[in-house]
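Observations on the three-dimensional arrangement
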Amino acid sequence: MQKKNKANLALGLSAAGFLGTLGIQGGFAAGLLHHGFLAATIGGLADWFAVTAIFRRPLGIAYRTDILRRNRPRIMEAIVKYASEDLLSTENIMEVLRKQDTAALMVDYLEHRGGRKRIREVACEVLLRGVNALDTARIAREIAPSIREGLKSLALEDVLMDLVRMLSEEKHSRSVLHSFLTIGHEVISAPVFQQVMLSHISLLRKEYEGDSAGRALVLEMMDLSDEKILAILNEKLQKQLQELLEGQTQSYASLKAGFETMLRNFSEDESLHSLLKDWKDNLVGRLELESLLGRWLEANVKGEAPFWLPGFQSFVDSNVDSFVHSEQLQHNFDKKLKDFLEEELTKHHSLIPGIIRERLAEFSDDELVEFVEERVQDDLQMIRINGAVVGSLVGMGLYILVALAERMWGL
């Protein structure tokens with residue numbers, strides 16, 4: 001049963017008891033009960049009137065009643081002042097916050113409440129949105145000149161000359177020469193090359209024979225057809241190449257020495273150096289860097305899953321791991337967060353009264369009365385119940401005092 005109903009029941013019982021004992025001739029006990037019920041009824045009614053007067057007009061009486069509505073501005077300002085200057089003062093708020101280990105709360109959130117995943121998702125989403133909003137064409141235009149100058153300043157011709165000089169060294173020239181000879185061996189065996197060789201042999205044969213029937217007869221007697229001559233050439237070339245590949249002959253030593261000398265001469269040739277430099281400058285000058293950069297940025301940097309995203313996710317996870325396992329980082333986080341909150345509270349504390357005032361202003365008079373009454377009515381109803389109980393005790397006590405006085409002094 002609600003306390004309000006209990007208070008009404010207590011008042012009802014007091015009134016019923018008063019009416020029930022009215023006029024009963026039962027001596028001292030009956031008088032004691034009657035006056036007890038009477039005092040309880042008076043106390044209960046007085047407290048009912050006082051409690052009701054806080055929220056509305058009891059029995060239609062307007063004088064000094066309906067206290068909340070009549071004194072709303074003063075009460076609201078008192079609430080605002082108490083809440084903002086005492087309850088929600090910067091000192092009180094920070095006193096509560098400084099008792100909390102914000103770093104431990106953050107670690108728990110990161111490790112056990114999905115915080116790591118959420119932070120990674122938010123960080124990636126924010127960065128993706130920022131990158132996808134970039135004007136790649138403008139960025140390409142801005143950085144292309146610097147890249148062009150960088151390419152021009154790159155001494156590519158020196159690198160190539162150094163590479164040629166390095167290839168002239170015996171340990172490299174041997175490998176390069178062997179590769180060339182292997183390629184030559186494969187080229188000679190290729191059907192296309194064989195066909196070209198056969199065509200040239202046919203031309204040479206015709207030029208050799210000319211109008212001389214004797215030459216043609218001699219070649220025919222020696223059974224030197226075009227195919228036979230090609231086979232002889234192939235055999236000679238393959239044998240020569242095989243000997244060179246084995247690298248054990250004087251011909252190979254001469255070829256290698258000549259090859260190394262040629263490479264060294266190339267590496268010291270200033271005209272070749274100038275030619276390579278002109279070629280590089282020409283190539284860089286013709287490159288449409290703005291277009292190339294724009295397309296590359298659009299294709300590789302933007303999108304839902306660009307190449308840099310996994311690396312950024314690993315970077316976020318790495319920083320989260322560092323925070324979780326570092327007491328120093330956690331201490332710094334806790335201190336900086338609390339210092340920041342204190343600074344912001346001090347700076348913007350003047351906003352709190354306005355926020356409270358605005359929230360209270362949203363209540364109509366009836367809503368305010370209902371809001372307050374709902375939260376304090378239990379305590380107020382206990383006042384009514386206590387009033388009835390105390391009134392009955394006082395009434396009976398006074399009755400006993402009067403009865404004693406009458407007997408002692410015959411009043």
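Below: a short report on this structure. (Residues numbered from 1 in each chain as written. Predicted model: local features only at pLDDT ≥ 70, side-chain atom pairs only at ≥ 80, totals over all residues. Heavy atoms only, no water.)

**Here's the deal with the overall build of the protein**
Counting its secondary structure elements, the protein contains 20 helices and zero strands. Radius of gyration (C-alpha) of the protein: 54 Å, far over the 22 Å computed for a compact globule of 411 residues. Projected onto its principal axes, the C-alpha coordinates of the protein cover approximately 185 × 45 × 40 Å. Counting the 411 residues in the protein, one finds 29% classified as buried. Surface summary for the protein: the accessible area is close to 27,400 Å², and the carbon and sulfur share equals 62%. In the protein, 48 side chains carry a positive charge and 60 a negative one; their mean positions are 9 Å apart. (Helix = DSSP H or I, 4+ residues; strand = E, 2+ residues; numbered from the N terminus. Rg over C-alpha atoms; globule rule 2.2 N^0.38 Å. Buried < 20%, exposed > 50% of the residue type's maximum accessible area, 1.4 Å probe, protein only. Areas by Shrake-Rupley, 256 points an atom, 1.4 Å probe, with all protein chains shown as cover. Lys, Arg positive; Asp, Glu negative; His and termini not counted. Charge placed at Lys NZ, Arg CZ, Asp CG, Glu CD.)

**Concerning the pattern of salt bridges**
Inspection of every chain in the model, using the stated rule, returns 21 salt bridges. For Glu125, the salt bridge is made with Arg129, and the minimal N-O distance between the two is 2.8 Å. Taken together, the positions of Glu125 and Arg129, both in helix α7 (residues 115-132) and four residues apart, correspond to about one turn of that helix. Glu125 sits in the partly exposed class, given a relative accessible area of 37%. Exposure remark for Arg129: the relative accessible area of 58% places this residue in the exposed category. In this structure, the salt-bridge partner of Arg148 is Glu290, at a minimum N-O distance of 3.6 Å. A residue pair is termed long-range when its members are at least 10 positions apart, and Arg148 in helix α8 (residues 136-153) and Glu290 in helix α16 (residues 289-301) qualify at 142 residues. A relative accessible area of 16% means that Arg148 is categorised as buried. Among the charged side chains, a network of salt bridges with common partners joins Glu111, Arg116, Arg120, Asp317 and Asp321. (Salt bridge = Lys/Arg side-chain N within 4 Å of Asp/Glu carboxyl O.)

**Quick look at the packing of helix α4 (residues 72-87) against helix α19 (residues 351-361)**
Here α4 crosses α19 at 140°, and the two axes come no closer than 9 Å. Classed by the angle they form, the pair α4 and α19 counts as oblique. In this structure, α4 meets α19 at a crossing whose hand is right-handed. Contacts from Arg72, Met76, Glu77, Ile79, Val80, Ala83 and Ser84 in α4 reach Ile352, Pro353, Ile356, Arg357, Leu360 and Ala361 in α19. Residues belonging to the contact of α4 with α19 are distributed by class as follows: nine nonpolar, one polar and three charged. (Axes fitted to C-alpha atoms, helices over the stretch in contact; angles between N-to-C directions. Parallel < 35°, antiparallel > 145°, perpendicular 65-115°, else oblique. Left-handed = near helix turned anticlockwise from the far one by under 90°. Contact = heavy atoms within 4.5 Å. Nonpolar A, V, L, I, M, F, W, Y, C, P; charged D, E, K, R; others polar.)

The analysis is restricted to geometry; functional conclusions fall outside its scope.
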